[in-house]
Amino acid sequence: CEKFLINSLPKKKLTILRIPGVYDDMPNENSIIGKFILNTLKNKKITIFNKGRYKRDYLHVDDLMNIIDKIIVNKIFIHLNVVSGKSIKISNIINIISKYYKKNIKVQFKEDKKDKFNLIFDNSLLLGMFPNFKFKDPKKIIKKIFNDR
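Summary of the structure given here. All chains use their own residue numbering, which begins from 1 and follows the written sequence. Restriction of local features to residues with pLDDT of at least 70 applies here, the model being predicted, together with a cutoff of 80 or more for giving and counting side-chain atom pairs; totals for whole chains, interfaces and linings are based on all residues. The side-chain values count all of the structure's non-hydrogen atoms but skip hydrogen atoms and water molecules.

### Brief notes about the packing of helix 2 (residues 32–41) against helix 6 (residues 138–147)
Angle between the axes and distance between the axes are the two parameters that describe a pair of packed helices.
So, point 1. Put simply, helix 2 and helix 6 touch, their axes get as near as 12 Å, and they point 30° apart. Classified by the interaxial angle, the pair formed by helix 2 and helix 6 is roughly parallel. The crossing of helix 2 and helix 6 is right-handed. Every residue of helix 6 that contacts helix 2 at Ile 33, Ile 37, Thr 40 and Leu 41 is listed here: Pro 138, Ile 142, Ile 145 and Phe 146. Geometry is summarised by axes, namely lines fitted to C-alpha atoms with helices restricted to the contacting stretch, and by angles between N-to-C directions that run from 0 to 180 degrees. Strands are runs of DSSP state E lasting at least two residues, helices are runs of H or I lasting at least four, and both sets are numbered from the N terminus onward. By the definition adopted for this analysis, an angle is roughly parallel if under 35 degrees, roughly antiparallel if over 145, roughly perpendicular if from 65 to 115, and oblique otherwise. By convention the crossing between two helices is left-handed if the near helix lies anticlockwise of the far one by an angle smaller than a right angle, and right-handed if it lies clockwise. Should any heavy atoms of two residues lie within 4.5 Å, those residues are considered in contact.

Here is the structure:
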């Protein structure tokens, strides 16, 4: 799709944003972090593939919206990784949830031969455009979710 757009539209009129796993402050099914928290609160099992050893980049929805707003307001046409640049192992997300939940959580491990890769992105272009931008920390958001309960 990205290649099609690049080849079909004038570069001066095209913005492509590459977005990782987006999460918010609510335990819900819309993100992997939200789903893990929701299952924890419901005392349901969390399924982790490949021991959770692969890294993913997580972006808070507020950060995404702030960056999109800056791009629209400033009329920026670019191909951009909208990422925090701080990939975290899925197993570390589980450990953070467990720490703030203060109880053991049910985790089931499965193997997935297709999902054996890290998703690590370069955000230097983004930070060059918005050098003072501060990303929300998933650890602090997870802590807040459990402290608010």
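Picking up where we left off.
### Description of helix 4 (residues 90–101)
So, point 1. One less than the number of residues in a helix, times 1.5 Å, gives the span that helix is expected to have. When the terminal C-alpha atoms of helix 4 are compared, their 17 Å separation across 12 residues agrees well with the 16 Å that a helix rising 1.5 Å per residue should span.
So, point 2. For helix 4, the full list of buried residues reads Ile 90, Ile 93, Ile 94, Ile 96, Ile 97, Tyr 100 and Tyr 101. For helix 4, the arc enclosing every buried residue in end-on projection is 160°, short of the 170-degree limit, so these residues lie on one face. Each residue is placed in one exposure class: buried if its accessible area under a 1.4 Å probe, protein chains only, is under 20% of its type's maximum, exposed if it is over 50%, and partly exposed if it falls in between. Regarding the arc, it is the one traced by the directions from the helix axis to the C-beta atoms.

### So, helix 2
So, point 1. Most of helix 2 sits inside the fold, with 7 of its 10 residues counted as buried.
So, point 2. The set of residues buried in helix 2 consists of Ile 33, Gly 34, Phe 36, Ile 37, Leu 38, Asn 39 and Thr 40.
So, point 3. Where helix 2 is buried, its residues meet strand 2 (21–23), strand 3 (46–49), strand 5 (58–60), helix 4 and helix 6.
So, point 4. Positive backbone phi, approximately 60°, marks Asn 43, located one or two places after helix 2.

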